Amino acid sequence: MYKRVLLKISGEALSSAERPVCFEKIEQTAADVKKLHDAGMQVGIVTGGGNIMRGRDTVAQDRSRMDNMGMLATAINALALQDCLIRLGVPTVVMSAVAMHRFCEEFTARGAVEALEAGKVVLFAAGSGCPYFSTDTASALRALEIKADALLLAKNVDAVYSADPKKDPQAKKYDHLTYEKVLNDNLQATDLTAITLCREQNLPILVFALKEIERVARGEAVGTRIDANHA
Ligand code: UDP
C-alpha cells in the first residue's frame, strides 16, 4: 500500500450538468478522499479547474491571461473541496503556487511535507503557478516535490485503453503499461509533459475511476499502473 500519494482531481469531478461548482459532487469527492485518509495514507491533492476555465480552450484571447484565470479556477475548487473535507472532520490545508494570503497558505515543499506528516490533507491550488502547463503536469511536479510513492490520476474512465472505449468496443484495457508504451502509442493517460516528467524521475502513475478509490485505499490493484517495469 502507498504511504504518501498525490491525487489529481479534475474539475469535471466537482461539477454537474447544471452547475460548474456542484457541492453535491464535491461532497462525494471529499468522502472519497476521506477513505484514503482514513486508510492511513498521507494525501496531497491537485485540483483541476476545467469545470470553470481552461486556458487552452480559448482562441482569440491572450493565452497567459487565460491560463491565469484557469489557475484561479483551480483555487476555487481547492477551497470548495477544503470546505467539504473540514465538514467531514478531515484536517486540511490549502497551499497555493501563487500568493493569496487572505485565502490560503503559500506553497513550499517543506511546509507541505510537514502538514502531511501532521496528518493533514494538503490541497495544492493554482497548479504549477505558470501558464502553458496543465494540472496533470502540476500533479507530477508536486508528487515529486513531496516525495509521493505514486501519482494517482482519478478519471471518469476506469483505466487506460488502446482507444476510446465509448467509441470502440474492441478497445483493449491495460492493467499495466510502461512510460515508453504510453508515449510511443500516444495513449491518452495524461499529457506529454506530465508523462515525460514521471518517466525521467521514475514516478509510478495509477489511472483509475474515482469511484474505485476505496479499493485503492485497501491496496488492491485497480485501473492501469504505469511505470518503468517491462516485466
Ligand atoms: N493552468 C495553468 N498552469 C498550471 C495548471 C493549470 O495555466 O500549472 C491553467 C490552464 O489554463 C488550465 C486550467 O488552469 O487549462 C485548468 O487546469 P486543467 O485544464 O489542467 O484542469 P482539469 O481539466 O484537470 O480540470
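Residues numbered from 1 in each chain as written. Predicted model: local features only at pLDDT ≥ 70, side-chain atom pairs only at ≥ 80, totals over all residues. Heavy atoms only, no water.

Trainee: Please give an account of the packing of aromatic side chains that cites residues and values.
Mentor: Two descriptors summarise a pair of aromatic rings, namely the distance from one centre to the other and the angle between the planes of the rings. For the coordinates displayed, the defined rule picks out one aromatic pair. Aromatic pair Phe 107 and Phe 124: ring centres 5.6 Å apart, planes at 75°, arrangement edge-to-face. With Phe 107 in the loop between β4 (105-106) and α3 (109-117) and Phe 124 in strand β5 (residues 121-125), this residue pair connects regions lying 17 residues apart in the sequence. Among the residues examined, Phe 107 registers a relative accessible area of 15% and is labelled buried. The ring of Phe 107 has Arg 142 lying over it, and the distance from NZ or CZ to the ring centre is 3.7 Å. (Phe/Tyr/Trp six-rings, centres within 6.5 Å; stacked < 30°, edge-to-face > 60°. Helix = DSSP H or I, 4+ residues; strand = E, 2+ residues; numbered from the N terminus. Buried < 20%, exposed > 50% of the residue type's maximum accessible area, 1.4 Å probe, protein only. Lys NZ or Arg CZ within 6 Å of the ring centre and 35° of its normal.)

Trainee: Go over the packing of helix α4 (residues 135-145) against helix α6 (residues 192-201) with me, naming the residues and quoting the values.
Mentor: The geometry of α4 relative to α6 is characterised by a closest axis approach of 7 Å and an angle of 20° between their N-to-C directions. By the angle between their directions, the pair α4 and α6 is classed as roughly parallel. Here the hand of the crossing between α4 and α6 comes out left-handed. Only Thr 193, Ala 194, Leu 197, Cys 198 and Gln 201 of α6 make contact with α4, whose side of the interface consists of Asp 136, Thr 137, Ala 140, Leu 141 and Leu 144. Partitioning the contact of α4 with α6 into residue classes produces six nonpolar, three polar and one charged. (Axes fitted to C-alpha atoms, helices over the stretch in contact; angles between N-to-C directions. Parallel < 35°, antiparallel > 145°, perpendicular 65-115°, else oblique. Left-handed = near helix turned anticlockwise from the far one by under 90°. Contact = heavy atoms within 4.5 Å. Nonpolar A, V, L, I, M, F, W, Y, C, P; charged D, E, K, R; others polar.)

Trainee: Let's hear about the site of the ligand: which residues, and what values?
Mentor: Looking at the ligand, there are 20 residues lining it, with Lys 8, Asp 67, Ser 128, Cys 130 and Thr 135 nearest. The backbone of Gly 11 places a nitrogen or oxygen atom 2.8 Å from an oxygen atom of the ligand. Between Met 71 and the ligand, the recorded distance is 3.5 Å, taken from a backbone N or O atom to an oxygen atom. Coverage of the ligand by the protein amounts to 97% of the 510 Å² it exposes when considered alone. Looking at the shell around the ligand, the element that brings in the most residues is helix α2 (residues 63-87), giving three residues. The residue makeup of the shell around the ligand, split by class, is five nonpolar, eleven polar and four charged. (Near = heavy atom within 4 Å. Polar contact = N/O pair within 3.5 Å; in protein donor to acceptor, adjacent residues only side chain to side chain. Areas by Shrake-Rupley, 256 points an atom, 1.4 Å probe, with all protein chains shown as cover.)

Trainee: An account of the sheet that holds strand β6 (residues 150-155) is requested, with residue identities and associated values reported.
Mentor: Taken in spatial order, the nine strands of this open sheet run β4-β3-β5-β2-β1-β6-β10-β11-β9, and their pairing is mixed. Whereas interior strands pair on both sides, the edge strands pair on one side only; in this sheet they are β4 and β9 (176-178). Looking at chain direction, strand β1 (residues 4-9) and β6 are connected through five bridges and run parallel. The residue bridging Leu 7 from the neighbouring strand is Leu 152, located in β6. Where α2 meets the sheet, its contacts fall on β1, β2 (42-47), β3 (92-96) and β5, and the angle it forms with β5 comes to roughly 160°. (Pairing = 2+ DSSP bridges.)

Trainee: Residue-level account of the environment of Gly 49, with values.
Mentor: The topology assignment puts Gly 49 in the loop between β2 and α2. Taking relative accessible area as the criterion, Gly 49 reaches 7% and is therefore assigned buried. Placed 29 residues apart in sequence, Gly 49 and Pro 20 show a C-alpha to C-alpha distance of 9.8 Å. Sequence-distant contacts of Gly 49, that is, excluding residues within four places in its chain, are made with Gly 11, Ala 73, Thr 74 and Asn 77.

Trainee: Outline the nonpolar core, supporting the account with residue identities and numerical values.
Mentor: Where a protein is soluble and globular, its nonpolar side chains tend to be buried together. Counting 36 residues, the largest nonpolar core has Leu 7, Leu 36, Ile 45, Leu 152 and Phe 208 as the members making the most contacts within it. Take this core: its biggest share by element is six residues, from α2. Among residues more than four places away in sequence, those in contact with Leu 7 are Val 33, Leu 36, Gly 44, Ile 45, Val 46, Leu 152, Ala 154, Phe 208 and Ile 213. Formed by 29 residues, the second largest nonpolar core is a distinct cluster that contains Val 93, Ile 146, Leu 153 and Val 182. (Core = buried A, V, L, I, M, F, W, Y, C linked by side-chain atoms within 4.5 Å.)

Trainee: Lay out the pairing of strand β11 (residues 224-227) in plain terms, naming residues and giving numbers.
Mentor: Both β9 and β11 contribute to a ladder of three bridges, which runs parallel. Bridging from a neighbouring strand, Leu 177 pairs with Ile 226 of β11. Inspection of the sheet shows strand β10 (residues 205-209) paired to β11 by three bridges, in the antiparallel sense. If you follow Val 207 over to β11, its bridge partner there is Thr 224.

Trainee: Account for the packing of helix α1 (residues 23-38) against α2, with residues named and values stated.
Mentor: Relative to each other, α1 and α2 sit at 60°, their axes nearing to 9 Å. The orientation of α1 relative to α2 falls into the category oblique. Remark: the crossing between α1 and α2 carries right-handed chirality. When α1 is examined against α2, the residues Phe 23, Ile 26, Glu 27, Thr 29, Ala 30 and Val 33 are found in contact with a partner set consisting of Ala 80, Leu 81, Cys 84, Leu 85 and Arg 87. Here the contact of α1 with α2 is built from residues that sort into eight nonpolar, one polar and two charged.

In short, shape yes, function no, at least from these values alone.
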